[in-house]
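Analysis of the macromolecular model
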Amino acid sequence: RTRATLRYAGALDAQRREARDGYLRVHRVNDKPAIYHTGYAWSSDNRKETKGTRNFEVAKKALEASPDSAKLHLFAAEALMDAENYGEADRYFSQAMVNSDGSIWLERMREGYKQWFSNYLHLEESAPNPKDLLVAALHTYSEAVAQFPGDPDFDILMSLLFFKAKDVLNTIRFFNASLSKNGGRISDNLMDTNGETYQKLRDACALLKNENFL
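Here the structure, examined in full by the defined rule, presents 11 aromatic pairs. Between phenylalanine 93 and tryptophan 116 the ring centres are 6.0 Å apart and the planes differ by 15°, which places this aromatic pair in the stacked class. Taken together, the residues phenylalanine 93 in helix H3 (residues 86-96) and tryptophan 116 in helix H4 (residues 106-124) connect sequence positions 23 residues apart. Owing to a relative accessible area of 0%, phenylalanine 93 belongs among the buried residues under this scheme. Aromatic side chains phenylalanine 148 and phenylalanine 154 sit 6.3 Å apart centroid to centroid with 25° between the ring planes, which places their arrangement in the stacked category. Taken together, the aromatic side chains of Phe93, Tyr113, Trp116, Phe117, Tyr120, Phe148 and Phe154 make up a single cluster linked through ring pairs. When the ring centre of phenylalanine 154 is taken as origin, the NZ or CZ atom of lysine 114, which lies over that ring, is 5.7 Å away.

Our focus in this paragraph is helix H6 (residues 153-164). The end-to-end C-alpha distance of H6 is 16 Å, a good match for the 16 Å that 12 residues give at a rise of 1.5 Å each. Across the 12 residues of H6, 10 count as buried, placing the element largely inside the fold. Here H6 has its buried residues at Asp153, Phe154, Asp155, Ile156, Leu157, Met158, Ser159, Leu160, Leu161 and Phe162. Where H6 terminates, the next one or two residues include lysine 166, which has phi positive at roughly 60°.

On to the confidence of the model for the protein chain. In this model, the protein chain carries a mean pLDDT of 85, and residues with pLDDT of at least 70 account for 80%. For the protein chain, per-element mean pLDDT is lowest for strand E2 (residues 15-18), which scores 61, and highest for H3, which scores 97.

Let us now look at the pattern of salt bridges. Scanning all chains against the criterion turns up nine salt bridges. Salt-bridge contacts for aspartate 151 lead to lysine 114; the nearest nitrogen and oxygen are separated by 2.9 Å. Remark: lysine 114 occurs in helix H4 and aspartate 151 occurs in the loop between helix H5 (130-147) and H6; sequence separation between them is 37 residues. In this structure lysine 114 comes out as buried when scored by relative accessible area, which is 11%. One salt bridge in this structure joins glutamate 196 and lysine 200, with 3.9 Å as the shortest N-O distance. Taken together, the positions of glutamate 196 and lysine 200, both in helix H8 (residues 188-210) and four residues apart, correspond to about one turn of that helix. Sharing partners across several salt bridges, the network here consists of Glu107, Arg110, Lys114, Asp151 and Asp153.

Moving on to the environment of tyrosine 92. Topologically, tyrosine 92 is positioned in helix H3. Of the residues examined, tyrosine 92 reaches a relative accessible area of 8% and is grouped as buried. Between the C-alpha atom of tyrosine 92 and that of tryptophan 116, which follows or precedes it by 24 residues, the distance is 9.7 Å. For tyrosine 92, the contacting residues outside a window of four places in its chain are Phe56, Leu63, His73, Ala76, Ala77 and Leu80.

Definitions and limits used
Note that residues are indexed from 1 along each chain, following the sequence as it is written. The model is predicted, so local features are restricted to residues of pLDDT at least 70 and side-chain atom pairs to those at 80 or more, both for listing and for counting; the totals for chains, interfaces and linings are taken over all residues. The side-chain values count all of the structure's non-hydrogen atoms but skip hydrogen atoms and water molecules. Here a pair means two rings of Phe, Tyr or Trp (six-membered ring of Trp) with centres within 6.5 Å. Their orientation is stacked below 30 degrees between planes, edge-to-face above 60, and tilted elsewhere. Only runs of H or I of at least four residues qualify as helices and only runs of E of at least two qualify as strands under DSSP, and these elements are numbered from the N terminus. Classification of residues uses two cut-offs on accessible area relative to the type maximum, computed with a 1.4 Å probe and protein chains only: under 20% is buried, over 50% is exposed, and between them is partly exposed. We call a charge positioned over a ring when the NZ of a Lys or the CZ of an Arg lies within 6 Å of the ring centre and within 35 degrees of the ring normal. Every helix has an expected span of 1.5 Å times one less than the residues it contains. Every residue gets a pLDDT, meaning the predictor's confidence in that residue, from 0 to 100. Any Lys or Arg side-chain nitrogen located within 4 Å of an Asp or Glu carboxyl oxygen qualifies as a salt bridge. Note on contacts: a residue pair is in contact if any heavy atoms of the two residues lie within 4.5 Å.

Right, here's the structure in full:
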């Protein structure tokens, strides 16, 4: 950061850029580096909700200059999730994931869809009409699986939504679909955020299978 040629570009999640006449030297790292991100370390004015609200205001201002930026809409959606404004986040996710300007790269799209499903899980807790929410989630699922057919996370996320809605048949249906993808191994991130519920879901499906319910 002390180099005169090194700058950061982007209102949120800034990326390194070399100034004109500068250059970037790349060093190969042989061992796996450990990176500790303390951006949301707790303090009275640095809580995740506080930073989410602040980041949304930054994204909103940037969108005034670039209203068609899918990447900025995704940043705004994730900031609103951090601020626990899940209803408004859903609106921004729906605009972002169309990716009309192609500004969201492929793996970022994958994670964006997973964040959207996490938002659905939060919305489900207070949804006045869970059936409408599940219809919307199924539409998002179709879009995600069309782009990432081999990723079991999407099936597990749908299974979790139906599990919370107490829809046994669809819970089992999507859980079983996940087993045929990537050896049934879900991502570490999904396990970290929903591990306890996933294990309950797995145990319930195993029990039903043993009792010849399936």
